[in-house]
Amino acid sequence: MTSPTDRSPPPAGVDGRAPATGPVGVAAPDVPAGEAAGGRRRPVGSVEVLAAVLVLVVVFREPLANALAAPRVQTWTTVFVSVLVQAVPFLVFGVLLSAAIAVFVPRAFWARALPRHPALAVPVASVAGVVLPGCECGSVPIAGSLIRRGVTPAAALAFLLAAPAVNPVVLTATAVAFPGNPGMVLARALASLAVAMIMGWLWLRLGRADWLRLPRRPELDGVGRGMAFWAAVRHDVVHAGGFLVVGAMAAATINVLVPERWLQTLADDPVLSVLALAVLAVLLSICSEADAFVAASLSQFSLTSRLVFLVVGPMVDLKLISMQAGVLGRRFAFRFAPATFVVAVGVATLAGAVLL
Amino acid sequence: MNRQAQAVVLLLLGGAVVRASVTDLYLRYVKEGLRPFLIAAGLVLVATAVTTLWYELRPPATGEHEPGDGPGEHGHEPGDGAGHHEPRVGWLLLLPVFGLLLVAPPALGSYAAEQAGTALAAEAQPSDYPPLPPGDPAPVTVLDYASRALFDRGTSIGDRRVRLTGFIVAGPDGQPLLARMVLSCCAADGRPVKLGLTGDVPLGLPNDTWVEATGRYSARVGRDPVNDAEIPYLAVESWREVPAPRNQYE
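Note that the coordinates shown come from a computational prediction; the quantities given were computed from them, not determined experimentally.

**With respect to the overall build of chain B**
Part 1 of the reasoning: A count of helical and extended segments in chain B gives 6 helices and 6 strands.
Part 2 of the reasoning: Beginning at the N terminus, the succession of helices and strands in chain B can be written as α-α-α-α-α-β-α-β-β-β-β-β.

The structure is reproduced here in structure tokens:
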């Protein structure tokens, strides 16, 4: 970790700045020293690119709007914008919390708060997730922050899975959506908790630390707390938010392209219906606070398959995979998400068979 | 994307979210209850942008930095050979900004309603419906009428007149249906509730025309081919075109 004293001297660092759209490290500020220190000629930076993009879009607003007028494209745009509008508050509050964890909560706190043994920390972290009403969009940066602050990854991952899947808001929504089936709430809570803990323990046995590639945060060292806090918020919103946009685009595409008629034919087969709704949960990427209502309306499907939908959705979906790949590393996400999917389908099917 | 550009994007995003939530634009995408959270989140985004710009642009050597922290932020060299490309993904945040500020797509309408099956497919719920609201005709929502008509077989409606507002969707047989989208969270989970029309059917209206229909309970029931669910009917006595309501969802 770079400490304040061993940084390279300021002016050398800004030369050879990559073009704004090029790969730029997290803390590589292609903000020129010259800008702050007083005018120096420099190549085109991202601010200029941004200004150009904005001008172009405003100039070509009319043709752009016409291109988006076809009903299918328009529905895509509506769904895309609404997924983002819905997620923005959850993202922002999750990021505020994760920045607070990163900056204000001392490392020693986690050592005291969680059991020393990782295998015991996993269930504690899962249950901690129950208390926090959060959406999956917020819990990804929080989990990243926890790992960076020295929480054992197994516990942080259990928290990542449990927080959006089992919390008071989600369980209440489930109870409201399934008025005739109180067992659904219990089954959802137990199955989701079980998946979170199994995945935590699985990580202890099989996980490798080098799969996790957390963005380094040298900019948070050696600066005032206020500055570090806002830098963390800025970084996480831009970062996780960008991946959220990727996920929202994928979800909107699925929403427009997969006609519901196809589902009808799958609903009659008990095995196919479970798999179909599991895959649908991944593709649709609905916020965990809303998925119960969608599940309730898929009434041609069996209760067990709808339980699978509710357990898989908050833990694995396109939006989440995209965010996990960005925040925790691609090598991690492409192993963790499929494993979670398999465990979630298995556990939820079992819970459905026993409890529903 | 450098920090100043990030700040500008966050400012635009926060501004777009606040603007959408102080006007009624946000009602096209999410439930009304999200409004305070949207405003708060938008303000946090604006505050983040402003503090970022302030830290970036203020004159160096203010003495607030730790020793060794040079002017501006450029002292923080990444030394990150792994190539963490995170800021590039931030450019994508411009898409929702354009979506909200320039395009502002309309609320879900007939296209989405045709694609999805009617939402009232839930298993018969206990039919304990309260009496209709007072008035003749009684103002009811499409969702309320449809659930009373289906699960209560019209008992709680009786022979009272009802008035409801929805938009026109061409049904599978070419006959117009009256529909309304129902949201539980955001437009991504929006599902239509569809009503068949008998009696004075509003013919010849294009899809997405908003109609206020007055009528009585009809025992006729159709089927939605999309999800094989039942579609209740309304015996229309009169109807008129109306402008789209403020909140197009129920």
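After that view of the structure, there is still more to cover.
**Quick notes on the overall build of chain A**
Part 1 of the reasoning: If you tally the helices and strands in chain A, you get 18 helices and 0 strands.
Part 2 of the reasoning: For chain A, the residues scored as buried account for 56% of the 356 residues in total.
Part 3 of the reasoning: Here the contacts in chain A between residues at least 6 apart in sequence split such that 83% fall between residues at least 24 apart.

**A few points about the packing of helix α5 (residues 71-103) of chain A against helix α8 (residues 136-148) of chain A**
Residue and element names in this part refer to chain A.
Part 1 of the reasoning: One can describe the packing of α5 onto α8 by two numbers: an axis separation of 7 Å at closest approach and a directional angle of 10°. Between α5 and α8, the angle is such that the two are roughly parallel. Residues A87, F90, L91, F93, G94, V95, L97, S98, I101 and A102 of α5 form the contact with α8, whose participating residues are C137, G138, S139, P141, I142, G144, S145, L146 and R148.
Part 2 of the reasoning: Among the residues forming the contact of α5 with α8, the class breakdown is 12 nonpolar, 6 polar and 1 charged.

**A closer look at unusual backbone geometry**
Residues and elements named next belong to chain B.
Part 1 of the reasoning: Of note, the amide linkage connecting D136 to P137 takes the cis form, showing an omega dihedral of 0°.
Part 2 of the reasoning: Residue position: P137 is located in the loop between α5 (110-115) and β1 (138-139).
Part 3 of the reasoning: Positive phi values are uncommon outside glycine, yet R153 reaches one of about 45°.
Part 4 of the reasoning: Tracing the backbone through its elements, the reader meets R153 in the loop between α6 (142-151) and β2 (162-170).
Part 5 of the reasoning: The exposure class assigned to R153 is partly exposed, which follows from the 14 C-beta atoms found within 10 Å.
Part 6 of the reasoning: Phi is positive for D208, which is not a glycine, with a value near 75°.

**Re the packing of helix α12 (residues 225-257) of chain A against helix α17 (residues 318-328) of chain A**
All names here are of chain A.
Part 1 of the reasoning: It is at 8 Å that the axes of α12 and α17 come closest, and there the two elements cross at 150°. Between α12 and α17, the angle is such that the two are roughly antiparallel. α17 is crossed by α12, and the crossing has right-handed handedness. The residues of α17 that touch α12, namely those facing H239, A240, F243, L244, V246, G247, A248, A250 and A251, are L318, K319, S322, M323, G326 and V327.

**Notes on the pairing of β2 of chain B**
Residue and element names in this part refer to chain B.
Part 1 of the reasoning: Across 2 bridges, β1 lies against β2 in parallel orientation. Each bridged residue has a counterpart across the sheet, and for P139 the counterpart in β2 is R163.
Part 2 of the reasoning: In this fold, the crossover linking β1 to β2 by way of α6 has right-handed handedness.
Part 3 of the reasoning: As judged from the 6 bridges shared by β2 and strand β5 (residues 210-224), these two strands associate in the antiparallel manner. Residue pairing across strands places L164 opposite A213, the latter belonging to β5.

**Considerations on the environment of R163 of chain B**
All names here are of chain B.
Part 1 of the reasoning: Summarising the element assignment, R163 is placed in strand β2.
Part 2 of the reasoning: In the structure, R163 is positioned 14 residues away from A149 in sequence and 14 Å away in space, judged by C-alpha atoms.
Part 3 of the reasoning: When near neighbours in sequence (up to four residues on either side) are disregarded, R163 contacts P137, A138, P139, E212 and T214.

**Quick look at the nonpolar core**
In a soluble, globular protein the nonpolar side chains are often hidden away together inside.
All names here are of chain A.
Part 1 of the reasoning: Ranked by size, the top nonpolar core spans 195 residues in total, and within it A158, V195, V311, V312 and A344 carry the most contacts.
Part 2 of the reasoning: Top contributing element to this core by residue count: α12, with 18 residues.
Part 3 of the reasoning: The contact partners of A158, leaving out residues within four places of it in the chain, are V122, A125, S126, A196, M197, M199 and G200.

**A word on the environment of H239 of chain A**
Part 1 of the reasoning: Position of H239 of chain A relative to the elements: it lies in helix α12.
Part 2 of the reasoning: Taking the C-alpha atoms as reference points, H239 of chain A and M323 of chain A, 84 residues apart in sequence, are found 8.5 Å from one another.

About the cut-offs
- Residues numbered from 1 in each chain as written.
- Chains lettered and ligands numbered in written order.
- Predicted model: local features only at pLDDT ≥ 70, side-chain atom pairs only at ≥ 80, totals over all residues.
- Helix = DSSP H or I, 4+ residues; strand = E, 2+ residues; numbered from the N terminus.
- Buried ≥ 20, exposed ≤ 12 C-beta atoms within 10 Å, placed from the backbone.
- Contact = placed C-beta atoms within 7 Å.
- Axes fitted to C-alpha atoms, helices over the stretch in contact; angles between N-to-C directions.
- Parallel < 35°, antiparallel > 145°, perpendicular 65-115°, else oblique.
- Nonpolar A, V, L, I, M, F, W, Y, C, P; charged D, E, K, R; others polar.
- Left-handed = near helix turned anticlockwise from the far one by under 90°.
- Pairing = 2+ DSSP bridges.
- Right-handed = clockwise from strand over helix to strand, strands pointing away.
- Core = buried A, V, L, I, M, F, W, Y, C linked by C-beta atoms within 7 Å.

Distances and angles like these do not, on their own, reveal function.
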